[in-house]
Amino acid sequence: MEKIYSTAKICAFDNNSTCDLALEPELTQTLANSRNPEELKHVWVEWRNAVGPHCRLLFEEYVDLSNEAARLNNFTNTAESWLDGYEDPQFRQQIESLWEQLKPLYLQIHAYVRFQLRKKYGDVVSEKGPIPAHLLGNMWAQRWRNVAQFNLPYPDKEEVDLTAELRAQNYTVDKIFRTAEDFFKSINLTEMPQTFWERSILEKPKDREMVCHASAWDFYDRKDFRIKQCTAITMEHFTTAHHEMGHVEYFIQYKNQPVKFRRGANSGFHEAVGDLISLSVESRKHLRKIGLLKSESDDPENVLNNLFQIGLDKIVFLPFGYLMDLWRWDVFEGKITPDEYNCKWWELREKYQGVEPPVNRTDQDFDPAAKYHIIASVPYIRYFVSFVIQFQFHRAVCEKAGQYDANDPSKPLHECDIYQNTEAGNALKKMLQLGSSRPWPDAIEVLTGQRTMDASALLEYFKPLHKWLEQENKKNKVFIGWEKSTKGCVNTK
Ligand SMILES: O=C(CCC(O)(O)[C@H](Cc1ccccc1)NC(=O)c1ccccc1)N[C@@H](Cc1ccccc1)C(=O)O
Ligand SMILES: [Zn+2]
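Caption draft 1: Quick peek at the state of the cysteines. The final tally for this structure, using the stated rule, is four disulfides. In this model C11 forms its disulfide with C19; the gap between the sulfur atoms is 2.0 Å. Disulfide C11-C19: the torsion about the S-S bond is 105°, which places it as right-handed. Of the residues examined, C19 reaches a relative accessible area of 35% and is grouped as partly exposed. Taken in N- to C-terminal order, the disulfide-linked cysteines of the protein are connected 1-2, 3-4, 5-8, 6-7. As a non-bridged cysteine, C55 has C212 as the owner of its nearest cysteine sulfur, 17 Å distant.

Caption draft 2: Focus on the site of ligand 1. With respect to spatial proximity, 20 residues lie near ligand 1, and among them H213, A216, E244, Y380 and Y383 are the closest. E271 is positioned with one of its side-chain polar atoms (N or O) 3.1 Å from an oxygen atom of ligand 1. Considering every element that reaches the shell around ligand 1, the biggest residue donor is helix α9 (residues 235-253), with four residues. Its residues assigned to classes, the shell around ligand 1 comprises nine nonpolar, seven polar and four charged.

Caption draft 3: Representation of the pairing of strand β3 (residues 225-228). Direction of pairing for strand β2 (residues 215-218) relative to β3: antiparallel, over a ladder of four bridges. Looking at the pairing, S215 lines up with K228 of β3. Linkage of β2 to β3, two consecutive antiparallel strands, is achieved through a turn of six residues, within which Y220 is found at a positive phi near 60°.

Caption draft 4: Highlighting the coordination of the zinc ion (ligand 2). Distances from the zinc ion (ligand 2) to its protein donors, H243 (NE2), H247 (NE2) and E271 (OE), fall within 1.9 to 2.1 Å. Between the donor residues of the zinc ion (ligand 2), the gaps in sequence give the motif H-x3-H-x23-E. With H243 and H247 both in helix α9, this residue pair falls four residues apart, about one helical turn. We note that H243, like H247, is buried.

Caption draft 5: Region of the structure containing the packing of helix α2 (residues 23-33) against helix α3 (residues 37-72). As a packed pair, α2 and α3 sit with axes 9 Å apart at the nearest point and diverge in direction by 140°. Here α2 and α3 pass one another in a crossing that is left-handed. Seen from α2, the contacting residues are L23, L27, T30 and L31; seen from α3, they are E39, L40, V43 and W47. Taken together, the residues that form the contact of α2 with α3 break down as six nonpolar, one polar and one charged.

Caption draft 6: A look at the nonpolar core. The biggest cluster of nonpolar side chains holds 162 residues, and the ones touching the most others in it are I109, V113, W144, F269, W327, F384 and F462. In contact with W327, not counting residues within four places along its chain, are F59, I336, Y341, K344, W345, L348, F366, P368 and I374.

Caption draft 7: A look at empty space enclosed by the protein. Taken as a whole and assessed by the stated rule, the structure comprises two cavities of 30 Å³ or more. Roughly 40 Å³ of volume is contained in the largest cavity. Contributing to the lining of the largest cavity are T28, L31, G137, N138, M139, W140, N146 and E236. Of the residues contributing to the lining of the largest cavity, the split by class is three nonpolar, four polar and one charged. R48, W140, W345, W346, R349, D367 and A370 are the residues that line the second largest cavity.

Caption draft 8: Expanded view of unusual backbone geometry. Between E24 and P25 the backbone carries a cis peptide bond, its omega angle lying at 0°. Of note, P25 is situated in helix α2. The backbone of N74 shows a phi angle near 65°, a positive value even though the residue is not glycine. Judged by its relative accessible area of 71%, N74 is exposed.

Cut-offs applied
- Think of each chain on its own: its residues are numbered from 1, step by step along the sequence as written.
- Each chain gets a letter, beginning with A, and each ligand a number, beginning with 1, in the order they are written.
- Where local features are concerned, this predicted model is filtered to residues with pLDDT of at least 70; where side-chain atom pairs are given and counted, the filter is 80 or more; whole-chain, interface and lining totals use all residues.
- Derived side-chain values reflect all non-hydrogen atoms in the structure, with water molecules and hydrogen atoms excluded from consideration.
- Only a pair of cysteine sulfur atoms within 2.5 Å counts as a disulfide in this structure description.
- To sort residues, take the accessible area from a 1.4 Å probe on protein chains only and compare it with the maximum for the residue type: under 20% means buried, over 50% means exposed, and anything in between is partly exposed.
- Working definition: residue near molecule or strand if any one of its non-hydrogen atoms lies within 4 Å of it.
- The term polar contact refers here to a pair of N or O atoms within 3.5 Å; inside protein, the definition further demands a hydrogen-donor-capable atom paired with an acceptor-capable atom, and it admits residues adjacent in sequence only when both atoms are side-chain atoms.
- For helices the rule is a DSSP run of H or I covering at least 4 residues; for strands it is a run of E covering at least 2, with both sets numbered from the N terminus onward.
- Residue polarity follows a fixed list, in which Ala, Val, Leu, Ile, Met, Phe, Trp, Tyr, Cys and Pro are nonpolar, Asp, Glu, Lys and Arg are charged, and the others, Gly among them, are polar.
- Paired strands are those between which DSSP finds at least two bridges.
- Donor atoms (N, O, S) are those found within 2.8 Å of the metal centre, with the cutoff raised to 3.2 Å for Na, K and Ca; water is not part of the atom list, so apparent gaps in a site can occur.
- Comment: axis = line fitted to C-alpha atoms, over the contacting stretch for helices; angle = value between 0 and 180 degrees taken between N-to-C directions.
- Take the far helix as the reference: if the near one is turned anticlockwise from it by less than a right angle, the crossing is left-handed, and if turned clockwise, right-handed.
- Should any heavy atoms of two residues lie within 4.5 Å, those residues are considered in contact.
- Throughout, nonpolar core names a set of buried Ala, Val, Leu, Ile, Met, Phe, Trp, Tyr and Cys residues whose side chains join them through atoms within 4.5 Å.
- Grid points spaced at 1 Å over the protein atoms alone were grouped into cavities, where a 1.4 Å probe fits but cannot get out, and pockets, open sets with protein on both sides within 12 Å along at least five of seven lines, with lining residues defined by an atom within 4 Å of a point.
- Grid points are joined across faces, edges and corners, and a volume is the space filled by probe spheres set on the points.

Right, here's the structure in full:
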């Protein structure tokens, strides 16, 4: 399935003699930059046609083999095996409770974006229904930052277009990774070893096919650590470089643990390290420090525009991060059978994300395969966990850096930047060095004083945006939530 996914190509929208377009970089760029609904629909449908049907039977076989392996390891099925690392029989209930706390914020940003998209695209976006998934700037509608420029709260204020700025400043792939490394070094974490730069693959090779989905690798010899990424000069890849280097920093911090403990405290911790640093990097204060933001004034409208752009990545991701494994846990437990794979997928996409397909789907399609983690058997709830705990980590390191104080409105959480603050870095380091040697509640306690996942930090970070969205939606009399989709999935049997 990885081979099918990583070599799939489609033909161009306006020229079906060009048929060598791959997910990265071509289709990703089109979904990010095209404002033609017909072209967006073409790319969205053709990608799914190129991958889904060819993976369908392989996936059914994979489910059976994976469950057999789980049973041989004394688990009931793969779902139980994947959840074992969270060491909490209540874990699924914890996740559901976090979602219930975060859903009101998601409903507000969803309603606002639908209202704005309807202004831009007209009736292809219904007033009260789910949002068509192909118009949101991303192949899976998991992040909507690429459609920020016609959604900004204050459109007459500048939009911080980091992709344009990176290109204007002739950023190279190497400079993107050196910039990320510089931040980690600045807080007393560790520079990349020489072999990292010699052995990593940071650009898509021209001479051969490769799995382009980014990944970081620990060779468990305490010296050899690498990243594989088909890096493009875009904001998304700038963030991904920080995400991947966060994995490597964790590898380095726990490298002296026994091999058994050279893992994240739980898988969400591993996903949170790089994103935590990005929360500082994406603040206007930091972007100005590294010369990626020219404007002098940090007036409240510019700050809210920036917070909104970050919300299009972080808030928007939450329902997707949840539904991915809600679908797979049911598949592994046999509650979703192969003939309902696709229509149950679209039920969850509508119920949690409030998105719909641009065209009707059937159970002959297999749209989950359009997402790397499904065909590569990479669990996904780790990212939902990460998007919650990275804000708990951010609150803790920002307090340590004196950049955040709950009682001091002049130090809001969303303007914090821990760059060059070694006290913050040392506190983070203490947690990372534990690896998986202690239960994860002990690890998170070392940094934050808390022993549980807690949505309050994310809600605190986005509080100004939440208030603005509620006022704006009320002013525009926008319908909050979504009615049943007119599109969807039809069982052909
Ligand atoms: O998939 C990734 C980044 C890839 C990765 O770094 O998480 C990678 C996934 C992977 C690839 C191959 C085999 C296994 C996992 N994970 C790692 O490289 C990794 C994970 C744990 C320990 C060490 C390395 N991010 C997710 C979610 C995400 C995260 C952050 C921002 C945006 C989106 C996505 O793109 O949908
Ligand atoms: Zn990752």
